[in-house]
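Examining the three-dimensional arrangement
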Amino acid sequence: MSGGSTGIGGGEQGAPGPARERNVRVRDATIPLRKLIPNLITAASLCAGVAGVHFAQQGAFEKAIGAIVVAFVLDGLDGRMARLLKATSRFGETFDSIADFTAFGAAPAFIMYQWIVQTHAVKSSQPWEALVALVVVIYALCAAIRLARFTMQARRKKLGSPTTPFFQGLPAPASGGAALVPAMLSLSSVSFVTPYWAAVAWLLLLSVFMVSTIPMLSIKGVRISRRLILPLMAGVGILALGVMKDAWLTGSVFFLLYLATFPIAVVLHRRHERASAGAGLSSPGRRS
């Protein structure tokens, strides 16, 4: 070995070289508060879902559903706050999926189980109780699968990349709200008590919608005509009035109407795919 090499016995062995200094990453002991705000909102959404489970166990279904509504509102804020404050991160996306599963997967499943069992006096010794438990487990499992697929697709995209105007399958927040429609109708002014077999079938239908590839509308990438601005504002006003008059009935109608838009979403999605394919084929430099 030549004498110029600093080997085992070299006096400079302990001194870090330039390459080693470049590889050392120094983490700042502090971070800007703005980067924590979206995650704090997500944490509040998760806690609201847990609160819904707590209230449902006590039979306080108004408070339980109200907690899920709070989680629904917070879920709509955390992502927008992250983009507004430029605080998007992979951790935030994963944390949001966990919070969504808690608030819109596990919590609605438990609330509906308690509502069916308590409202219809289904005893643990009856075969129906086992069926109800099985269905709510299937619902929670489908919500987990839906969110895992969403998280996997999100990781394939660049952070902050443009969103499409469609969801693949029923999104978890909409499903969580729709799952509570039977309970909300019983609390509304119409006082309609959904039969337990219909509530079970409703949860199964939502489970299928969640794991399906049916396109559903997303307001994130939707553009509307200027002629529809005034009707849209009037519709929002009517929605606000309905919430003040009968929040439970208005919420039920809102989620049912959103589910009813899936045929429209299918047609618009096909047009969007054809337009995207045509734009790709007509772009310069594209090979046939």
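Next up on the list: the overall build of the protein. Counting its regular elements, the protein contains 11 helices and two strands. When the elements of the protein are put in sequence order from the N terminus, they spell out α-α-α-α-α-β-α-α-α-β-α-α-α. Expressed as a percentage of the 288 residues in the protein, the buried residues total 35%. Pairs at least 24 residues apart make up 84% of the contacts formed inside the protein by residues separated by at least 6 positions. Accessible area for the protein stands at about 17800 Å²; split by element, carbon and sulfur atoms hold 66% of it.

Bringing the nonpolar core into the picture now. Core analysis: the biggest nonpolar cluster contains 48 residues, and M112, L170 and L206 have the highest contact counts within it. Among the secondary structure elements, those contributing two or more residues to this core are α2 (37–57), α3 (61–84), α4 (90–119), α5 (127–156), α6 (172–179), α7 (181–187), α8 (196–211) and α10 (247–260). If one sorts the elements of this core by residue count, α4 sits on top with 10 residues. When near neighbours in sequence (up to four residues on either side) are disregarded, M112 contacts A179, L180, P182, A183, A199 and L203.

A few words now on the side chain of T151. Within the secondary structure layout, T151 lies in helix α5. Overall, the relative accessible area of 13% leaves T151 in the buried class. Of the polar contacts made by the side chain of T151, one reaches the side chain of S97; its length is 2.6 Å. For T151, the side chain forms a polar contact with the main-chain oxygen of L147, separated by 2.8 Å.

This part covers the environment of G169. Along the chain, the position of G169 falls in the loop between β1 (166–168) and α6. Placed 43 residues apart in sequence, G169 and S212 show a C-alpha to C-alpha distance of 5.0 Å. Setting aside anything within four residues of it in sequence, one finds G169 in contact with R146, R149, F209, M210, S212, T213, I214 and M216.

Per-residue pLDDT for the protein averages 83, and the proportion of residues at 70 or more is 82%. Across the protein, α7 holds the top mean pLDDT of 95, while helix α1 (residues 18–23) sits lowest at 53. In the predicted structure, residues 5–12 sits below a pLDDT of 50 and forms two contacts with residues beyond four places in sequence or in another chain. In this model residues 281–288 is a low-confidence stretch, pLDDT under 50, and it forms two contacts with partners more than four residues away in sequence or in other chains.

At a minimum axis distance of 9 Å, the contact between α6 and α10 shows a crossing angle of 125°. Here α6 is positioned oblique relative to α10, judged by the angle of their axes. You can see that α6 and α10 cross each other, and the crossing is left-handed. The residues of α10 that touch α6, namely those facing P173, A174, G177 and A178, are F255, Y258 and L259. Residue composition of the contact of α6 with α10, grouped by class: six nonpolar, one polar and no charged.

Turning next to a nonpolar patch on the surface. A grouping of V222, I224, L228, I229, L230, L232, M233 and V236 is seen on the molecular surface, where their side chains present a nonpolar patch of about 760 Å² in accessible area. One can find I224 in the loop between β2 (215–217) and α9 (229–245).

What follows concerns the packing of aromatic side chains. By the definition in use, this model includes six aromatic pairs. The interplanar angle of 85° and the centroid separation of 5.7 Å between the aromatic rings of F72 and F255 together place this pair among those described as edge-to-face. Here F255 lies in helix α10 and F72 lies in helix α3, a separation of 183 residues in the sequence. Ring pairing ties together the aromatic residues F72, F104, F254 and F255, which thus form one cluster.

What follows concerns the side chain of D78. Within the element layout of this structure, D78 appears in helix α3. In this structure, D78 is buried with no salt-bridge partner, the nearest side chain bearing the opposite charge being R80 at 6.5 Å. A distance of 2.9 Å separates the side chain of D78 from the side chain of T42, its partner in a polar contact. When near neighbours in sequence (up to four residues on either side) are disregarded, D78 contacts P38, I41, T42 and D96.

A word on α8. Between its first and last C-alpha, α8 extends 23 Å over 16 residues, near the 22 Å set by a 1.5 Å rise per residue. Turning to α8, its buried residues number three or more, namely A199, V200, W202, L203, L206, S207, F209 and M210.

What counts and how
- Residues numbered from 1 in each chain as written.
- Predicted model: local features only at pLDDT ≥ 70, side-chain atom pairs only at ≥ 80, totals over all residues.
- Heavy atoms only, no water.
- Helix = DSSP H or I, 4+ residues; strand = E, 2+ residues; numbered from the N terminus.
- Buried < 20%, exposed > 50% of the residue type's maximum accessible area, 1.4 Å probe, protein only.
- Contact = heavy atoms within 4.5 Å.
- Areas by Shrake-Rupley, 256 points an atom, 1.4 Å probe, with all protein chains shown as cover.
- Core = buried A, V, L, I, M, F, W, Y, C linked by side-chain atoms within 4.5 Å.
- Polar contact = N/O pair within 3.5 Å; in protein donor to acceptor, adjacent residues only side chain to side chain.
- pLDDT = per-residue confidence, 0-100.
- Axes fitted to C-alpha atoms, helices over the stretch in contact; angles between N-to-C directions.
- Parallel < 35°, antiparallel > 145°, perpendicular 65-115°, else oblique.
- Left-handed = near helix turned anticlockwise from the far one by under 90°.
- Nonpolar A, V, L, I, M, F, W, Y, C, P; charged D, E, K, R; others polar.
- Patch = residues over 30% accessible without salt bridge, like charges linked within 9 Å, V, L, I, M, F, W, Y side chains within 5 Å.
- Salt bridge = Lys/Arg side-chain N within 4 Å of Asp/Glu carboxyl O.
- Phe/Tyr/Trp six-rings, centres within 6.5 Å; stacked < 30°, edge-to-face > 60°.
- Lys, Arg positive; Asp, Glu negative; His and termini not counted.
- Expected span 1.5 Å × (residues − 1).

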